[in-house]
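Now for the letters of each chain:
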Amino acid sequence: MNNYKLLPALNSILQTRNLTESARDLNVTQSAMSKTLNQIRLAFHDKIVIREGKQFVLTERGEELKRELPALILQLDNLYLPNSMEPSSCQRKFTFASSDYVAQAILPSITRNMEREAPNASIEYQLWQKDQLAELADTPLDLVSTMTKLIPENLHGKMMAEDQLVTVFRSSHSLSSSDMSVSSYCNARHILISGGGDKDSPVDTALSSIGKQRNIFAKVPFFQSAIELLLQTDTILTTPLHIAADFAQRYDLQIRALPITIEPQQYYLLWHAKHHHNSEHKWFRELCYPWLKKHLELTIRQGMKLLHANK
């Protein structure tokens, strides 16, 4: 195996053509420098430098190495530098996973800024399922926006906000003019959203502990389809406050607090440790995080106002 530790000494000898100066430059004794030169000659099968009077002259191989070696050493040194990234030259395809709500409400802002900063990069969006979190290392996903209580080993993440579950229904629903009890909640016709993560299973766990369960009317994969059903049927949807608030400001919907106590949910932006030090990935997650956090905080504030107004 080649001894790359000899290269700095070789480079110095080629430049100074003086063992005393090279020994001083490398902070070693002249005797050690002479031994190193012998090792260099054996490694390269060439004398490299030949003593002529009081100085050394370079062999032809030595002249070649003098021209080529500085650039090669610089390349080797650059391997140890942190990755740098120029967004305008990035051509990577980033993969991002979350719910269809995030794709509709936040992804356009992310992609607009991505297009401006890194016009040659691209993005692939995937619907997220909660059971994928422990398997993130085996997927091509760069980022995941999701709720979680525990972050598995080898994942990095930043919490964006804490939110609560609420119910939402059309303003003409019978529940809009009465207080919601556990019984009226369970007896109402519920819509479940099956895609994009686990938003409301804590409700079923809490109801089961008191011997209750919901009356499920329909299951749909997307938030927008659930909202269309809410607007046309006497149904209710249990969903995070920020999502309910966003839709309630655009449609004739009302928000109510749940009649049971459910712990708040923490929203995280997560990525696997294998991406953590990559400069392109760092740029992408720092692009996405502020938009996700800003939307959550804004819609949660709006939701709290609507929730208090409907008490």
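Whatever comes next refers back to the structure up there.
Residues numbered from 1 in each chain as written. Predicted model: local features only at pLDDT ≥ 70, side-chain atom pairs only at ≥ 80, totals over all residues. Heavy atoms only, no water.

Asker: How would you sum up helix H9 (residues 223–232)? Please name residues and give values.
Answerer: Of the positions making up H9, those classed as buried are Phe-223, Ala-226, Ile-227 and Leu-230. Viewed end-on, H9 has its buried residues packed into an arc of 100°, placing them on one side of the element. (Buried < 20%, exposed > 50% of the residue type's maximum accessible area, 1.4 Å probe, protein only. Helix = DSSP H or I, 4+ residues; strand = E, 2+ residues; numbered from the N terminus. Arc of directions from axis to C-beta.)

Asker: Explain the sheet that holds strand E9 (residues 215–220) residue by residue, including any values.
Answerer: Strands in a sheet are paired, the pairing made by backbone hydrogen bonds, and the direction either parallel or antiparallel. Ordered by their spatial adjacency, 5 strands build an open sheet running E9-E8-E10-E7-E11, and the pairing between neighbours is mixed. Because the sheet does not close on itself, it has two edges, and the strands there are E9 and strand E11 (253–257). Pairwise comparison of adjacent strand axes, ignoring direction, gives a mean angle of 35° for this sheet. Direction of pairing for strand E8 (residues 189–193) relative to strand E10 (residues 235–240): parallel, over a ladder of 3 bridges. (Pairing = 2+ DSSP bridges. Axes fitted to C-alpha atoms, helices over the stretch in contact; angles between N-to-C directions.)

Asker: So what's going on with the packing of helix H10 (residues 241–248) against helix H11 (residues 279–309)? Residues and values would help.
Answerer: Axis separation between H10 and H11 bottoms out at 8 Å; the angle between their running directions is 75°. With respect to H11, the element H10 is oriented roughly perpendicular. Facing Leu-241, His-242, Ala-245, Asp-246 and Ala-248 of H10, the residues of H11 in contact are His-295, Leu-296, Thr-299, Ile-300, Gln-302, Gly-303, Met-304 and Leu-306. Here the contact of H10 with H11 is composed, by residue class, of 7 nonpolar, 5 polar and 1 charged. (Parallel < 35°, antiparallel > 145°, perpendicular 65-115°, else oblique. Contact = heavy atoms within 4.5 Å. Nonpolar A, V, L, I, M, F, W, Y, C, P; charged D, E, K, R; others polar.)

Asker: How would you explain the environment of Leu-155 if you had to name every residue and give the values?
Answerer: Here Leu-155 lies in strand E6 (residues 155–163). You can call Leu-155 buried: its relative accessible area is 12%. Each C-alpha atom of the pair Leu-155 and His-272 lies 4.5 Å from the other, and the pair is 117 residues apart in sequence. If we ignore the near neighbours within four places in the chain, the residues touching Leu-155 are Leu-133, Leu-136, Trp-271 and His-272.

Asker: If you had to explain the sheet that holds strand E5 (residues 143–147) to someone new, which residues and values would you point to?
Answerer: With mixed pairing, the 5 strands of this open sheet are ordered in space as E4-E3-E5-E12-E6. In the strand order of this sheet, the two ends are held by strand E4 (122–127) and E6, each with one partner. The sheet shows a mean angle of 20° between the axes of neighbouring strands, direction not considered. In this sheet, E4 lies alongside strand E3 (residues 93–98) in parallel orientation, the contact comprising 6 bridges. Each bridged residue has a counterpart across the sheet, and for Phe-96 the counterpart in E4 is Tyr-125. In the packing of helix H6 (residues 107–117) onto the sheet, the strands contacted are E3 and E4, and the crossing angle to E4 comes to about 165°.

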